[in-house]
Amino acid sequence: MIKSAWMILACAMLTSPAWAEGDIKSGKKVFKKCKACHSLKPEDNKVGPTLYNIIGGNSGSVEGFRYSKAMADAGLIWDLETLGDFVTKPKDVVPGTSMAFGGLKKPQQVDDLLAYLQSEMVSE
Ligand code: HEC
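Now for a look at the structure at hand. Not measured: the values here are computed from a predicted model. Starting afresh in each chain, residues are numbered from 1 along the sequence in its written order. Under the rules for a predicted model, residues below a pLDDT of 70 receive no local features and side-chain atom pairs below 80 are neither given nor counted, while totals for whole chains, interfaces and linings still include all residues. The side-chain values count all of the structure's non-hydrogen atoms but skip hydrogen atoms and water molecules.

### Brief notes about the layout of surface pockets
Condition: A 1.4 Å probe that fits into a set of points on a 1 Å grid over the protein atoms alone but cannot get out defines a cavity; an open set with protein on both sides within 12 Å along at least five of seven lines defines a pocket, and lining residues are those with an atom within 4 Å of a point. Grid points are joined across faces, edges and corners, and a volume is the space filled by probe spheres set on the points. Numbering goes from the N terminus for both helices and strands, where a helix is a DSSP run of H or I of at least four residues and a strand is a run of E of at least two.
Approximately 820 Å³ is the volume found for the largest pocket. Lining the largest pocket are 37 residues, with His38, Pro49, Thr50, Leu51 and Tyr67 sitting closest to its centre. Counting only elements with at least two residues in the lining of the largest pocket, the list comes to helix 3 (32-35), helix 5 (80-88) and helix 7 (107-119). When residues of the lining of the largest pocket are assigned to their parent elements, the largest contribution, 3 residues, is made by helix 5.

And the structure:
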């Protein structure tokens, strides 16, 4: 019993993607929904904080952006999983966030968006 639980866990860990599997081009289109409020350039805060090199970053950590208390205290790391959950249901992941976005409805949009964001990462 315990052994099989470990097997399932091990398999789950092996199959969880370290790299988003979506389509970068479609993801760029999905990002249009975010663009009104977010830029991908460094130090370019709009209504929302810049999403420059967002993947792997700490939540609430962009210099000079006034976060809600909820986001400032969230203590998340924006890996593919937390980011995917957040853009699906922002208010479930960070209750009280000031991000006025209802969430992406389709899992495919989320995968594509993550692939696009990953493709825009800049190594420093
Ligand atoms: C209507 C404006 C608006 C839209 C549209 C929007 N956001 Fe946001 N976003 C914000 C605001 C404002 C915050 C700061 C939230 C807070 O402080 O609670 C934020 C925060 C974030 C954060 C946390 C950043 C950090 O520094 O911790 C991420 C990630 C994010 N948004 C991603 C997205 C993505 C991806 C989309 C498109 C699918 C999107 N947002 C659409 C306004 C928006």
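### Brief notes about helix 5
Here is the rule we go by: Exposure is judged per residue with a 1.4 Å probe applied to protein chains only, and the accessible area is read against the type maximum: over 50% gives exposed, under 20% gives buried, and values in between give partly exposed. When checking whether two residues touch, look at their non-hydrogen atoms; a contact exists if any pair is within 4.5 Å.
The set of residues buried in helix 5 consists of Leu80, Thr82, Leu83, Gly84, Phe86 and Val87. At its buried positions, helix 5 is contacted by helix 4 (69-72), helix 6 (90-93) and helix 7.

### Structural notes on the nonpolar core
What counts here: Nonpolar cores are built from buried Ala, Val, Leu, Ile, Met, Phe, Trp, Tyr and Cys residues. Side-chain atoms within 4.5 Å join them into one set.
In this structure, Phe31, Ile54, Trp78, Leu83, Leu113 and Leu117 are the most contacted members of the largest nonpolar core, which totals 23 residues. Within the residue set of this core, elements represented by two or more residues are helix 5 and helix 7. No other element matches helix 7, which puts 6 residues into this core. Contacts of Leu83, omitting those with residues within four sequence positions, involve Ile54, Ile55, Trp78, Leu114 and Leu117.

### A closer look at the site of the ligand
What counts is decided by this rule: To be near a molecule or strand, a residue needs just one of its heavy atoms within 4 Å of it. Pairs of N or O atoms are called polar contacts if they sit within 3.5 Å, as long as, within protein, a hydrogen donor faces a hydrogen acceptor (for residues adjacent in sequence, only side-chain-to-side-chain pairs). Just a note on the criterion: a molecule sits in a pocket or cavity if more than half of its atoms are within 2 Å of the grid points. Classes in brief: Ala, Val, Leu, Ile, Met, Phe, Trp, Tyr, Cys and Pro nonpolar; Asp, Glu, Lys and Arg charged; the others, Gly included, polar.
Around the ligand, 25 residues are found, and the nearest of them are Cys34, Cys37, His38, Ser68 and Met99. Here an oxygen atom of the ligand sits 2.9 Å away from a polar atom, N or O, in the side chain of Trp78. Taking Thr97, its side chain carries an N or O atom lying 2.7 Å from an oxygen atom of the ligand. Put simply, the ligand lies in the largest pocket. Where the shell around the ligand is concerned, the elements lending two or more residues are helix 3 and helix 5. Partitioning the shell around the ligand into residue classes produces 17 nonpolar, 7 polar and 1 charged.

These figures capture arrangement, not role.
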